[in-house]
Amino acid sequence: MSPEFTDQLSQFHTIIEPFRIHSVEEIAITDRTQREAALERVRYNLFGLHADEVTIDLLTDSGTGAMSSKQWAGMMLGDESYAGSRSFYKFKAAVEDLTGMSEVIPTHQGRAAERILFTETVSAGDVVPNNTHFDTTRANVEYQKAEALDIVCEEGLDPDSTHPFKGDVDLSRLEQILDDPDVPVPLAMVTVTNNSGGGQPVSMANLRAVSEVCSSHGVPFFLDACRFAENSWFIKTREDGYTDRTPLEIAREMFSLADGCTFSAKKDGLANIGGFLAMRDPELAERCRNLLILTEGFPTYGGLAGYDLEAIAQGLSEVVDEDYLRYRIRSTAYLAEKVNKAGVPTVQPPGGHAVYIDARKLLPHIPPSQYPAQALAVEIYRTGGVRGVEIGSVMFGKVAGDGSESVAPMELVRLAIPRRTYTQSHIDYVAEVVIDAASRGPYIPGYRIVEQAPWLRHFTAAFEPIPA
Ligand code: F0G
């Protein structure tokens, strides 16, 4: 072979899955009558479906990925000692190597890290800025009777903007908030990538600026680092000066700018469960560990089995692999491009872990108060057994004391792609189903909520269609 053909990736255009299948799991094939009956039973809330009623499950990319043979092998090495487990020290070394943070506190998932961090740092009346809080992050801030303030840049709220870093924080708003002596800010956060804002990345330049503004105001800066590897790939491919850096080097630089982070290992930990809270401040860490013992477990397992810690340690090294990240980001863009070609509007550019359909644009006849994204998610399931999730006014709308309701800035259906789980033909099928559902746009009805919980209502709310 001549030297110019030794690099497979530049010789061929097809970006193949950089793995082969080692173990398979059957998926449900359903008919429309079954799906219709299921929708009525769950009162149009897709969280209520049994997994056996779903053909392609794009509800979330969280904990739904396929682990590698090395991760499964690692699980056999799990040390289940209550205290001082070998697996904990392997996990801690992996997290420290990545983040440079020496205080590593394992938790059963991301939201447990959030609850512990906010219980120790946030008080009633405080304001916590973030590019966009994820739903559990917002709920955990609000549970402390504090305000979760979203300050993503302007482009981040425009689904059509093709700005390369739509997850960036609006720096002038951040400065304005931190300059105001009447606004108590116990910490600032940045979510990479910005899940609730379309899975959009945050640039290194923005992270650096946030870090500088925070440190000049004496405010700790924490990353919500769930999808740090995907964010690193976007920096590598979109930001000047990073092309020749490895995703791991970029990730390390991102973490070096923060005082701490919360992390759900169910995303870029490539594990089915787990998370951590990491930081540099030993005094705060001590307080967090004391709280950890109360609800999660001893600090060397934090609610996880030793084998989970092994799987995460291995996952953190696999997730920064360039071939994996190239395939990962490309396969998400592939789905977006396919549906866009057929006229289905999605947030541009496609996010790292998910494609976000712009339901407000697709279903202009349904006002936000009748939940267009919920309506579309239901129709996509009805059409082909594909389950996505509403990220709009069901998730983020707020009911006031007088019963009136605020609406979300965007009405999106998120199709989240589990890591290393579905093949290109599964994704081709999803595109066909979405395009078919979208073709019935004007006939899709809006919905009303007939039952809801006081917070995180989207998980359990019951709906009914509003007859046209
Ligand atoms: N932060 C972000 C940005 C998230 O996307 C999630 C979870 C969490 C925190 C909480 O982590 O689930 O381990 O407790 N996101 C999932 C999703 C559930 O579907 O996007 P967790």
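Anyway, here's the lowdown on the structure attached to this text. (Residues numbered from 1 in each chain as written. Predicted model: local features only at pLDDT ≥ 70, side-chain atom pairs only at ≥ 80, totals over all residues. Heavy atoms only, no water.)

Remarks on the overall build of the protein chain
In terms of helices and strands, the protein chain carries 17 helices and 14 strands. Scaling as 2.2 N^0.38, a compact globule of 468 residues should have a C-alpha radius of gyration of about 23 Å, and the protein chain matches this with 22 Å. If you line up the protein chain on its principal axes, its C-alpha atoms span 70 × 60 × 45 Å. Taking all contacts inside the protein chain whose residues are at least 6 apart in sequence as the whole, residues at least 24 apart take part in 72%. Taken together, the 42 basic and 66 acidic charged side chains of the protein chain have centroids lying 4 Å from each other. (Helix = DSSP H or I, 4+ residues; strand = E, 2+ residues; numbered from the N terminus. Rg over C-alpha atoms; globule rule 2.2 N^0.38 Å. Contact = heavy atoms within 4.5 Å. Lys, Arg positive; Asp, Glu negative; His and termini not counted. Charge placed at Lys NZ, Arg CZ, Asp CG, Glu CD.)

Remarks on the environment of Pro-201
Here Pro-201 shows up in the loop between strand E5 (188-191) and helix H8 (204-216). Separated by 37 residues in sequence, Pro-201 and Arg-238 place their C-alpha atoms 9.9 Å apart. In this structure Pro-201 touches Pro-164, Phe-165, Lys-166, Gly-167, Asp-168, Thr-193, Asn-231, Phe-234 and Arg-238, once residues within four positions along its chain are discounted.

Here we look at the sheet that holds strand E2 (residues 103-107)
With mixed pairing, five strands are arranged side by side in an open sheet as E2-E8-E7-E6-E5. The two strands at the open ends of the sheet, each matched to only one other strand, are E2 and E5. Averaged over neighbouring strand pairs, the angle between their axes works out to 15° when direction is ignored. Direction of pairing for strand E6 (residues 221-224) relative to strand E7 (residues 260-264): parallel, over a ladder of three bridges. Among the inter-strand pairings, Phe-222 is bridged to a residue of E7, identified as Gly-260. The sheet contacts of helix H4 (residues 86-99) involve E2, E7 and strand E8 (275-279), and relative to E2 the element is tilted by about 120°. Sheet contacts for H8: E5 and E6; angle to E6, the most-contacted strand, approximately 145°. (Pairing = 2+ DSSP bridges. Axes fitted to C-alpha atoms, helices over the stretch in contact; angles between N-to-C directions.)

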